[in-house]
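Tertiary structure, described
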Amino acid sequence: MNNICITAEGLSKSFTILKRKITVLQVLLSLINRNSLKQTLWVLKDMSCVIKKGDRLALLGRNGSGKTTFLRILTSIYDATAGTFKVNGNARILFDSSVGFNAYISVIDNIYLLGAIHGIKRDVLKNEVQNILETTGLVTYQHALLKKLSMGQIQRLALSILFRSKSDLFIFDEALDAVDGDFIKTFDDHLKQLPVGDTTIIMTSHDSAFLRKYCTTAIWLEDGKNRMHGPFDEVNTAYERSFNT
Amino acid sequence: MNKRLTAKLKRLFTSYNRNLLIEMIYADFKMYDRDSILGTFWILLNPMITLLIMYCVFETRFGHSIQFYPLYILIGIATVNFFINVTTKMINSISFNRYVVLNSTIPRENFILTDLFVHIYKLFIELSLCWLLSIYYGVFAWQAVLLALPLLAALAGLALGAGMIISLIYCYAMDIEHIWRIITRLLLFVTPVFYSLEHISHFFSKVIYWFNPLTPFLIAFRQIIIWNNSLDLVNYAYSICWGCCFLVLGYLVFITFENTAIEQV
């Protein structure tokens, strides 16, 4: 059991959505006809999997297949409608590089803010700030408001802070899409510093070349179900073949 | 209380969350008057103008029978404004931060708590003005400051509890924002800000005292700041009770329904 990072057993998640636009008339008609204006939409259906410690796992699937919902359940952002799961370890997530930053305060203040979100205290981060600014090339911007930075600079800053947190599970949900060569190099450098075999990484992306570079295993989600789980190349080939059939 | 709720309650007091909350509050303060030239002056302007208008309009009607009438009004304005401003800000705390809430593991109550602290700072500034006036009238006493602290904490608890509940309701029905604006506008009149309970009928004074949670706070603050030898301990305890009950109720409702509420936004 010690080498298991995540176990999910029969995870399901449903959302209630509107069938049609709500107006006072529609509400009255639905009361008279006893028709509900809402319907249940199952986004994740009976999802089970075991993810081992040290796995570099890609979550594959089309838009709306349940990847983000599955990750949000694992990080307790959503409650599961049914099923159970267990996460061994402290998850650090990056669902969007700009999340957690405050556009209207300085870059330095944002380093402390995002650091706190990732569990790094100010006195620990104080010794790292200069290094973060230098490696991200933001020394001249340190007192500028964050809104003055480009998206690429924000991505590099977010990543640089995230990888300084002590964690054994990193989750990236399409946060690494549309990145430039500089960013890939930064990401590579950070990954190399992680202890091999101890740190689990889960990624979602629509860029299969990017995922192939970093992931060794994959789960293919289709219509909220675990369609396939195995070595990356095998799962990815089957997933890509599904587009042609 | 089930396991999930206990875990949520515990997360509030972890060292991780304490550190995060401090950074969020710090960022909020940094943002607060970032583009303002006059800064703190604006905090004082609103209550000063309200005081001036209320004093001019009601001085002849109520002022003669109330000692230190300007100070009496100012304490009322500061207390009621605090409650109104905090709860109004908290209404859309969750929906405004929806994207962050759905894409991070930051405890949601942190967004609401962060909104509270800037207003506590404002309240301190406004109460400092009250104390300056009390020095001017020669009624200032140091022990009053100590007695006011638990009352301030209870008032913050009252606003926080109410804010947590309405921020959840807002996720289901945005109408609450309009309803709350009407309620808060009425609060200035159904709370003895510029009149005292003796000025209204016995029935209404009972209703306003027992059903408006701000009334005992106003009475206690005035007894502490203006008439520091005549503190009614029962009223003081009653105020603290309102604050504690709202805080506990609001927090329990919040941690019970936060996950379903966020799916509605």
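Our subject is the structure that appears above.
Residues numbered from 1 in each chain as written. Chains lettered and ligands numbered in written order. Predicted model: local features only at pLDDT ≥ 70, side-chain atom pairs only at ≥ 80, totals over all residues.

A short note on the overall build of chain A
Under the convention used in this document: Working definition: helices are DSSP H or I runs of at least four residues, strands are E runs of at least two. Numbering for both runs from the N terminus. Buried residues are those with 20 or more other C-beta atoms within 10 Å of their own C-beta, exposed residues have 12 or fewer, and partly exposed residues lie in between; C-beta atoms are placed from the backbone. Contact between two residues is assigned whenever their backbone-derived C-beta positions fall within 7 Å.
For chain A, the count of helices and strands is nine helices and nine strands. In terms of its C-alpha atoms, chain A occupies a principal-axis envelope of roughly 65 × 45 × 35 Å. Looking at chain A as a whole, 39% of its 245 residues qualify as buried. In chain A, 74% of the contacts between residues at least 6 apart in sequence involve partners at least 24 apart.

Quick word on the overall build of chain B
Which entries qualify depends on this criterion: We compute the radius of gyration from the C-alpha atoms alone; for a globule the expected value is 2.2 Å times N to the 0.38, where N is the number of residues.
If you tally the helices and strands in chain B, you get twelve helices and zero strands. Ordering the α and β elements of chain B from the N terminus gives α-α-α-α-α-α-α-α-α-α-α-α. For 265 residues, the compact-globule estimate of 2.2 N^0.38 gives 18 Å, and chain B sits close to it at 19 Å. Overall size of chain B, expressed as C-alpha extent along the three principal axes, is 60 × 45 × 35 Å. Across the 265 residues of chain B, 39% fall into the buried class. A separation threshold of at least 6 residues defines the contact pool for chain B, and within that pool the share at least 24 residues apart is 79%.

Comments concerning the environment of A:Ile202
Residue and element names in this part refer to chain A. Position of Ile202 relative to the elements: it lies in strand E7 (residues 200-204). Using a count of 26 C-beta atoms within 10 Å as the deciding quantity, one classes Ile202 as buried. Each C-alpha atom, one on Ile202 and one on Phe172, is 6.2 Å from the other, the two residues being 30 residues apart in sequence. Apart from the residues lying within four places of it in its own chain, the contact partners of Ile202 are Leu57, Leu59 and Ile171.

Here we look at the interface of chain A and chain B
Going by this rule: When residue character is reported, Ala, Val, Leu, Ile, Met, Phe, Trp, Tyr, Cys and Pro are called nonpolar, Asp, Glu, Lys and Arg charged, and the others, Gly included, polar.
In this assembly, 21 residues from chain A lie in contact with 17 residues from chain B. At five residues, helix H3 (residues 107-117) of chain A tops the list of elements feeding residues into the side of chain A that touches chain B. Taken together, the residues of the side of chain A that touches chain B break down into twelve nonpolar, five polar and four charged.

Read these as geometric descriptors, not functional statements.
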